[in-house]
Amino acid sequence: MHSPNCRLGLAFAMNLFFMYRYSTQLETEVFGGRTADYIYYHLVTGVLQLAAARFLNLYVLSDGFLLSVAYLWSQHYREVPVTFMFGIQFKAKYLPWVLVAYDFLVSGAMPIPSLVGIGASHIYYYLTTTYPSQGGRRYLSTPTFLQRMFPPSVQQRGFTTGGGMWPGRQQQQQQTRQNTNLFGGHAWGRGQRLGS
């Protein structure tokens, strides 16, 4: 009776740790200064997971959310060494699969929500990074209304991958920097009185 609660507590603590660590690094380094892009990432992967949950009768998607973040992080830090429980070391690109295997060993059931989260994140990463870097069209772009609500900050670092910044990102950043207000109109500023 005591062990299931301990197992639940350990899994919950691990999920919180992984979520905080990898989400913070994505937000500050990969999406540094581009809050709208990070929000859009979560919207896209969330919608994909909800659509899959509708057909697979899934109700709790916190594991999928965690694995979607872990997968995107692992794609941007593929060669970084990661230490898992009890000092097991491997490259970051294997992290999502290690988490799935751990979940399978602990629960004894196939972790479908985790696999759905990986799939959703892979679709996003492929359409925004992999396919455009191979010369293909970029099918997912952050909507303008999100960019107006969360304009890029000065400390932009670009969406770094093996191929560098997203194709078309510099042009998109220049358009976003134009002097517009939240609803797309021109922000005129304070102005001055005539004759003063």
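Just so we're clear, the structure is a prediction, and the values are computed from it rather than from any experiment. Every chain begins its residue count from 1, and numbering advances along the sequence as written. Restriction of local features to residues with pLDDT of at least 70 applies here, the model being predicted, together with a cutoff of 80 or more for giving and counting side-chain atom pairs; totals for whole chains, interfaces and linings are based on all residues. To get the side-chain values, all heavy atoms of the structure are used, and hydrogens and water are removed first.

Some thoughts on helix α4 (residues 95-107)
Then, in step 1: Compared with the 18 Å implied by 1.5 Å per residue over 13 residues, the 18 Å span of α4 between its first and last C-alpha is a close match.
Then, in step 2: Only protein chains enter the calculation, and the probe is 1.4 Å; a residue is then buried if its accessible area is under 20% of its type maximum, exposed if over 50%, and partly exposed in between. Put simply, DSSP H or I for four residues or longer makes a helix, DSSP E for two residues or longer makes a strand, and each gets a number counted from the N terminus. Turning to α4, its buried residues number three or more, namely Leu95, Pro96, Leu99 and Val100. Relative to the axis of α4, the buried residues are bounded by an arc of 140 degrees and lie together on one face.
Then, in step 3: The first or second residue beyond α4 is glycine 108, which carries a positive phi of 80 degrees. To estimate the expected span of a helix, subtract one from its residue number and multiply by 1.5 Å. In this description, one arc is meant: the one made by directions from the helix axis to the C-beta atoms.

Re the packing of helix α3 (residues 62-76) against α4
Then, in step 1: It is at 8 Å that the axes of α3 and α4 come closest, and there the two elements cross at 150 degrees. As the angle between them shows, α3 and α4 are arranged roughly antiparallel. Of the residues in α4, those touching α3 at Asp63, Leu67, Ala70, Tyr71, Trp73 and Ser74 are Leu95, Pro96, Leu99, Val100 and Asp103.
Then, in step 2: Residue polarity follows a fixed list, in which Ala, Val, Leu, Ile, Met, Phe, Trp, Tyr, Cys and Pro are nonpolar, Asp, Glu, Lys and Arg are charged, and the others, Gly among them, are polar. Of the residues belonging to the contact of α3 with α4, the class tally is eight nonpolar, one polar and two charged. Only the contacting stretch of a helix is used when fitting its axis, a line to C-alpha atoms as for every element, and angles between N-to-C directions run 0 to 180 degrees. Angles are sorted into four bins: roughly parallel if under 35 degrees, roughly antiparallel if over 145, roughly perpendicular if 65 to 115, and oblique for all others. We call two residues contacting when some pair of their heavy atoms lies within 4.5 Å.

Looking at the side chain of serine 23
Then, in step 1: Mapped onto the elements of the fold, serine 23 is located in helix α1 (residues 2-30).
Then, in step 2: Note on serine 23: relative accessible area 16%, which makes it buried.
Then, in step 3: Discounting chain neighbours no more than four positions away, the residues touching serine 23 are Phe18, Tyr38 and Val69.

Some remarks on the nonpolar core
Across soluble globular proteins, you tend to see nonpolar side chains buried next to one another.
Then, in step 1: By size, the foremost hydrophobic cluster in this structure holds 32 residues, and its most contacted members are Leu26, Phe31, Trp73 and Leu95.
Then, in step 2: Elements represented by at least two residues in this core include exactly α1, α2 (35-56), α3, β1 (81-84), α4 and α5 (112-133).
Then, in step 3: Take this core: its biggest share by element is seven residues, from α3.
Then, in step 4: When residues no more than four places from it in sequence are discounted, the contact partners of tryptophan 73 are Tyr22, Gln25, Leu26, Val82, Ala92 and Leu95. Residues grouped as a nonpolar core are buried Ala, Val, Leu, Ile, Met, Phe, Trp, Tyr and Cys residues, joined through side-chain atoms within 4.5 Å.

Considering the confidence of the model for the chain
Then, in step 1: Values of pLDDT, ranging from 0 to 100, describe the predictor's confidence in every residue of the model. Scored by pLDDT, the chain has a mean of 76; 71% of the residues are at 70 or more.
Then, in step 2: Throughout residues 1-7 the model reports pLDDT below 50, and contacts reaching past four residues in sequence, or to other chains, amount to two contacts.

Brief notes about the pattern of salt bridges
Then, in step 1: By definition here, a salt bridge exists when the distance from a side-chain nitrogen of Lys or Arg to a carboxyl oxygen of Asp or Glu is within 4 Å. Counting across every chain of the model gives three salt bridges.
Then, in step 2: For the salt bridge of aspartate 37 with arginine 34, the shortest nitrogen-to-oxygen distance reads 2.4 Å. Each member of the pair aspartate 37 and arginine 34 is classed as buried.
Then, in step 3: Between glutamate 79 and lysine 93 there is a salt bridge, with the nearest N and O atoms lying 3.8 Å from each other. Pair noted here: glutamate 79 is in the loop between α3 and β1 and lysine 93 is in the loop between β2 (88-91) and α4, with a separation of 14 residues, a long-range link.
Then, in step 4: By relative accessible area, which is 21% here, lysine 93 ends up partly exposed.
Then, in step 5: Taken together, the shared-partner salt bridges in this structure form one network comprising Glu79, Lys91 and Lys93.

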